Amino acid sequence: MIYDVIGDIHGHADKLKGLLTKLGYTLTQHETLDLHYYQPPEGHRAIFIGDLMDRGPQEIESLEIVYAMLDAGVADAVMGNHEYNALAYATVDETAMQQQDSTQNLYLRRHNETHTRQHQAFLDEVPFGSEAHKYWLSRFSELPLWIETEHACFVHACWDVDNMALLKPMLTADNRLTAEALQRTGQKHSVEYDALERVLKGVEIPLPDGVSFTDKDGAVRSRVRVKWWEDQLQGKRIVDIARAPRSDLAQIPQQALVKDLDFRLKTNKPVFIGHYWLTGTPAPLSDQVVCTDYSAAGTGYLTAYRFDTNNPYPLSPENFVQYTD
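Values in this document were obtained by computation on a predicted structure and should not be read as measured data.

**What about the overall build of the protein?**
- A count of helices and strands for the protein gives 11 helices and 15 strands.
- Taking 2.2 N^0.38 as the reference for a compact globule, 325 residues should give roughly 20 Å; the C-alpha atoms of the protein span a radius of gyration of 19 Å, in line with that estimate.
- For the protein, the C-alpha atoms occupy an extent of roughly 55 × 50 × 40 Å along the three principal directions.
- Here the protein holds 325 residues, and 55% of them are scored as buried.
- The contacts of the protein with a sequence gap of at least 6 include a subset with a gap of at least 24, amounting to 63%.

Structure below.
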């Protein structure tokens, strides 16, 4: 079996169609279902690594392509932080509502300027509260937080078995969110919230007291993502192991050091992720970790990695495929 692991699409249907065609997938009428889908080459299966939507100009078309493949049984997908955010943006915060007197709805993901701007491309095509909105939310809720097979691990941002174990009792048998899990992971500063953040957004460390930076979306952040796939992060300079644009790194003191980082990769299988807005010539992040997000939502290219389960190692730059037109 060859898994074609496809990176973050972010509503760019033209790039998705181009990449699927380059990978040898063909648009096909399903024999029994009323749908057209992209049929993979024999012996192949697609896995979408999350962040199917938000930011792009072709939100619904992108989702229809992916979900037609899921419904046809030729692909799998994991949840990205943007699918989770869409669910939280539309779900009333039951705890907050119980604690306030107002009848105005408060949502797990607050409808502030930053959150709305990040989600606006989707809302422009799928108005909040519409039947289409309800439909796509139900489809997002079908996505598991992670998939593990005999040969590999697939997750949007970080394969953290300790935090996965914390989340597992709240999830379905195939690692999908329940209503309870959505509520509990939506409570900021709870252990459930932190666990979900680790899996869908990666390993973050606090910056020194009084230090913050403003990211590309205008959000002020006092924590920064780090390259958890590298060895021996403890004691290194934050700017050396941070996974952030240069404009963000320039706002962090050069001599600030990593302290009390509580992460270690606990699997011997290859791990496939998205999320990190990489650029340049694709290559594995380490001997064990591959990222397929090469900034298709910006000026980069939609990217896939062809993973042969019969020859899992070594991970090779030659197995990347990009749509560059």
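Next comes the rest of the description.
**Considerations on helix H2 (residues 59–71)**
- Helix length check: H2, at 13 residues, gives a terminal C-alpha distance of 18 Å against a target of 18 Å (1.5 Å per residue), a fit within 8%.
- Elements that come into contact with the buried residues of H2 comprise helix H1 (13–22), strand E3 (36–39), strand E4 (44–48), strand E5 (75–77), helix H5 (113–125) and helix H6 (131–140).
- Gly73 occupies a position one or two residues after H2 and carries a positive phi of about 80 degrees.

**Remarks on the packing of aromatic side chains**
- All chains considered together, the criterion is met by 14 aromatic pairs.
- An angle of 75 degrees between the planes, with centres 5.5 Å apart, marks the rings of Trp228 and Trp229 as edge-to-face. A single burial state applies to Trp228 and to Trp229, both of which are buried.
- Taking the centre distance of 6.2 Å and the plane angle of 75 degrees together, the rings of Tyr294 and Phe320 count as edge-to-face. Of the two residues, Tyr294 is situated in the loop between strand E13 (289–291) and strand E14 (302–308) and Phe320 in strand E15 (residues 320–323); the sequence distance between them amounts to 26 residues.
- Taking relative accessible area as the criterion, Tyr294 reaches 5% and is therefore assigned buried.
- Residue Phe320 is classed as buried on the basis of its relative accessible area, which comes to 11%.
- Among the aromatic side chains, those forming a connected cluster through ring pairs are Tyr3, Phe154, Phe272, Tyr294, Tyr305, Phe307 and Phe320.

**Some thoughts on unusual backbone geometry**
- Residue Pro314 follows Tyr313 across a cis peptide bond; omega there is 0 degrees.
- Locating Pro314 in the fold gives a position in the loop between E14 and E15.
- At Trp277, a residue that is not glycine, the phi angle is positive and equals roughly 55 degrees.
- For Trp277, the location among the structural elements is in the loop between strand E12 (271–273) and E13.

**Concerning the nonpolar core**
- Phe48, Phe140, Phe154, Trp228 and Phe272 are the most contacted members of the largest nonpolar core, which has 105 residues in total.
- Discounting chain neighbours no more than four positions away, the residues touching Phe272 are Val5, Ile49, Ala152, Cys153, Phe154, Val155, Val290, Tyr305, Phe307 and Leu315.

**With respect to the sheet that holds strand E7 (residues 153–155)**
- Across the sheet, 4 strands lie side by side as E6-E7-E12-E13; this open sheet has mixed pairing. The sheet terminates laterally at strand E6 (146–148) and E13, the two strands that pair on one side only. Going across the sheet, the axis of each strand differs from the next one's by a mean of 15 degrees, ignoring polarity.

**Observations regarding the sheet that holds E14**
- The strand order E5-E4-E1-E14-E15 describes an open sheet built from 5 strands, whose pairing is mixed. At either end of the open sheet lies a strand with only one pairing partner, and these are E5 and E15. Within the sheet, the average angular offset between the axes of one strand and its neighbour, ignoring direction, is 25 degrees.
- Against the sheet, H2 engages E4 and E5, with an angle of about 120 degrees to E5.

**Concerning the pairing of strand E1 (residues 2–6)**
- Taken across its 5 residues, E1 has 4 buried, putting it largely inside the fold.
- Taken together, the 5 bridges between E1 and E4 define a ladder with parallel strand orientation. The residue bridging Asp4 from the neighbouring strand is Ala46, located in E4.
- Note: E1 against E14, 5 bridges, orientation antiparallel. Pairing of Ile2 across the sheet is with Asp308, part of E14.

Scoring rules and cut-offs
- Residues numbered from 1 in each chain as written.
- Predicted model: local features only at pLDDT ≥ 70, side-chain atom pairs only at ≥ 80, totals over all residues.
- Heavy atoms only, no water.
- Helix = DSSP H or I, 4+ residues; strand = E, 2+ residues; numbered from the N terminus.
- Rg over C-alpha atoms; globule rule 2.2 N^0.38 Å.
- Buried < 20%, exposed > 50% of the residue type's maximum accessible area, 1.4 Å probe, protein only.
- Contact = heavy atoms within 4.5 Å.
- Expected span 1.5 Å × (residues − 1).
- Phe/Tyr/Trp six-rings, centres within 6.5 Å; stacked < 30°, edge-to-face > 60°.
- Core = buried A, V, L, I, M, F, W, Y, C linked by side-chain atoms within 4.5 Å.
- Pairing = 2+ DSSP bridges.
- Axes fitted to C-alpha atoms, helices over the stretch in contact; angles between N-to-C directions.

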